[in-house]
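A look at the structure
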Amino acid sequence: MKIGDKVRDILKELPPGCGLVAAAKSRSPEEVLEAAEAGVRIIGENYLQDAEAHFQVVGCRVSWHFIGHLQKNKVKKAVTLFDLIETVDSLELAAEINRRSRAINKTMEIFMEVNSGREPQKFGVMPEEVELLFSKISELSNVRVMGLMTMGPACSHPDDLRPYFKEIRLLWEGLKSSASLKAEMRYLSMGMSDSYRVAIEEGANLVRIGTGIFGPRITRT
Ligand SMILES: *Cc1c(COP(=O)(O)O)cnc(C)c1O
């Protein structure tokens, strides 16, 4: 099936209020353009170099989310390219985003990435540390927390991810409803090609789909 047909199928399937991020790592600018022309509104990028190449062809008709691991020395460029950074997991990183955003007069929207599997080798803030990180980031002038993002551990079956997704949804709802935190928290980004249906059932309102749109990734060396 063509990229455009896959996009249209997925958009038809998503419930109202659920957004789609097309995860574009390792894809050509032409492939990303095809997805945008079929109705994708948000492109997710893991690498700045990819993002720049994609942006040159696709431009401002879509919004751009950073979904990879962001190194501090790449923040300056990232804040110029992206509309939202989904993977903030430390105050240090948030502070650097704040500093670089303020320098260009921008307020950067971010999600906090949560390590829902509590895996030491993975990125993301531990679930029990999310609230504290949120309140610290809230003090920064040029960063706005718009939601939570999680990957979840590698599982043999998408159903095995339910408890992780559910925990993050409850965390998200707690932050949203806390009067003292005044969190905007509009988005809950979870679920990928093999798990987005389960994630939506567990409350996701933003799913990140790569292979389901573009086909299998050919690993580059
Ligand atoms: C690659 C990637 C996805 C999409 O994964 P697929 O299995 O190709 O759908 C989603 N989120 C993040 C953070 C990714 O790096």
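First, a word on what this report is: a plain description of the structure on this page. (Residues numbered from 1 in each chain as written. Predicted model: local features only at pLDDT ≥ 70, side-chain atom pairs only at ≥ 80, totals over all residues. Heavy atoms only, no water.)

By the definition in use, this model includes 3 aromatic pairs. With a centroid separation of 5.9 Å and an interplanar angle of 40°, the aromatic rings of Phe111 and Tyr187 are classed as tilted. Of this pair, Phe111 sits in strand S5 (residues 108-114) while Tyr187 sits in strand S7 (residues 187-190), and the two are 76 residues apart along the sequence. The class of Phe111 is buried, set by a relative accessible area of 0%. In this arrangement the basic side chain of Lys176 is found over the ring face of Trp172, its NZ or CZ atom lying 3.7 Å from the centre. (Phe/Tyr/Trp six-rings, centres within 6.5 Å; stacked < 30°, edge-to-face > 60°. Helix = DSSP H or I, 4+ residues; strand = E, 2+ residues; numbered from the N terminus. Buried < 20%, exposed > 50% of the residue type's maximum accessible area, 1.4 Å probe, protein only. Lys NZ or Arg CZ within 6 Å of the ring centre and 35° of its normal.)

Evaluated as defined, the whole model comprises 15 salt bridges. For Glu202, the salt bridge is made with Arg162, and the minimal N-O distance between the two is 2.9 Å. In this pair, Glu202 sits in the loop between helix H8 (196-201) and strand S8 (206-209) while Arg162 sits in helix H7 (residues 162-177), placing the two residues 40 residues apart along the sequence. Between Arg186 and Glu184 there is a salt bridge, with its nearest N and O atoms 2.8 Å apart. One network of salt bridges, with partners in common, ties together Asp159, Arg162, Glu201 and Glu202. (Salt bridge = Lys/Arg side-chain N within 4 Å of Asp/Glu carboxyl O.)

Of note, Lys72 is situated in the loop between strand S3 (63-66) and helix H4 (75-81). Residue Lys72 is classed as partly exposed on the basis of its relative accessible area of 43%. C-alpha of Lys72 to C-alpha of Glu96: the two residues are 24 residues apart in sequence and 6.9 Å apart in space. When neighbours within four sequence positions are excluded, Lys72 is seen to be in contact with Glu92 and Glu96. (Contact = heavy atoms within 4.5 Å.)

This part covers the site of the ligand. In the neighbourhood of the ligand, 13 residues make up the surrounding shell, with Lys25, Asn46, Ser193, Arg208 and Gly210 lying closest. At 2.9 Å from an oxygen atom of the ligand is found a main-chain nitrogen or oxygen belonging to Thr211. Contact with the protein chains covers 91% of the free accessible surface of the ligand, which is 380 Å². The pocket occupied by the ligand, as judged from atoms lying within 2 Å of grid points, is the largest pocket. Considered class by class, the residues forming the shell around the ligand number 6 nonpolar, 4 polar and 3 charged. (Near = heavy atom within 4 Å. Polar contact = N/O pair within 3.5 Å; in protein donor to acceptor, adjacent residues only side chain to side chain. Areas by Shrake-Rupley, 256 points an atom, 1.4 Å probe, with all protein chains shown as cover. 1 Å grid on protein atoms, 1.4 Å probe; cavity = no way out; pocket = protein on both sides within 12 Å on 5 of 7 lines; lining within 4 Å. Sits in = over half its atoms within 2 Å of the grid points. Nonpolar A, V, L, I, M, F, W, Y, C, P; charged D, E, K, R; others polar.)

This part covers H7. With 16 residues, H7 extends 22 Å between its outermost C-alpha atoms, agreeing within 8% with the 22 Å of an ideal straight helix rising 1.5 Å per residue. For H7, the full list of buried residues reads Phe165, Ile168, Arg169, Trp172 and Leu175. Down the axis of H7, the buried side of the element spans an arc of 125°, and every buried residue falls inside it. Within H7, the exposed residues directed more than 90 degrees away from the buried face are Pro163 and Ser177. (Expected span 1.5 Å × (residues − 1). Arc of directions from axis to C-beta.)

Turning next to the pairing of strand S2 (residues 42-45). Both faces of S2 are covered, namely the face carrying Ile42 and Gly44 and the face carrying Ile43 and Glu45. What joins strand S1 (residues 19-23) to S2 is helix H2 (residues 29-37), and the crossover it makes is right-handed. Where S2 lies against S3, 4 bridges are found, and the strand directions are parallel. Each residue of the ladder has a partner; that of Ile43, found in S3, is Trp64. (Right-handed = clockwise from strand over helix to strand, strands pointing away. Pairing = 2+ DSSP bridges.)

Direction vectors running N to C along H2 and helix H3 (residues 48-58) enclose 55°, while the axes themselves pass 9 Å from each other. One way to sum up the angle between H2 and H3 is to call them oblique. At the point where H2 passes H3, the crossing takes the right-handed sense. For the pair H2 and H3, contact is made by Pro29, Val32, Leu33 and Ala36 and by Ala53, His54, Val57 and Val58, respectively. (Axes fitted to C-alpha atoms, helices over the stretch in contact; angles between N-to-C directions. Parallel < 35°, antiparallel > 145°, perpendicular 65-115°, else oblique. Left-handed = near helix turned anticlockwise from the far one by under 90°.)

What joins S2 to S3 is H3, and the crossover it makes is right-handed. Here S3 pairs with strand S4 (residues 84-88) via 2 bridges, running parallel. Of the residues in S4, the one forming a bridge with His65 is Leu84.

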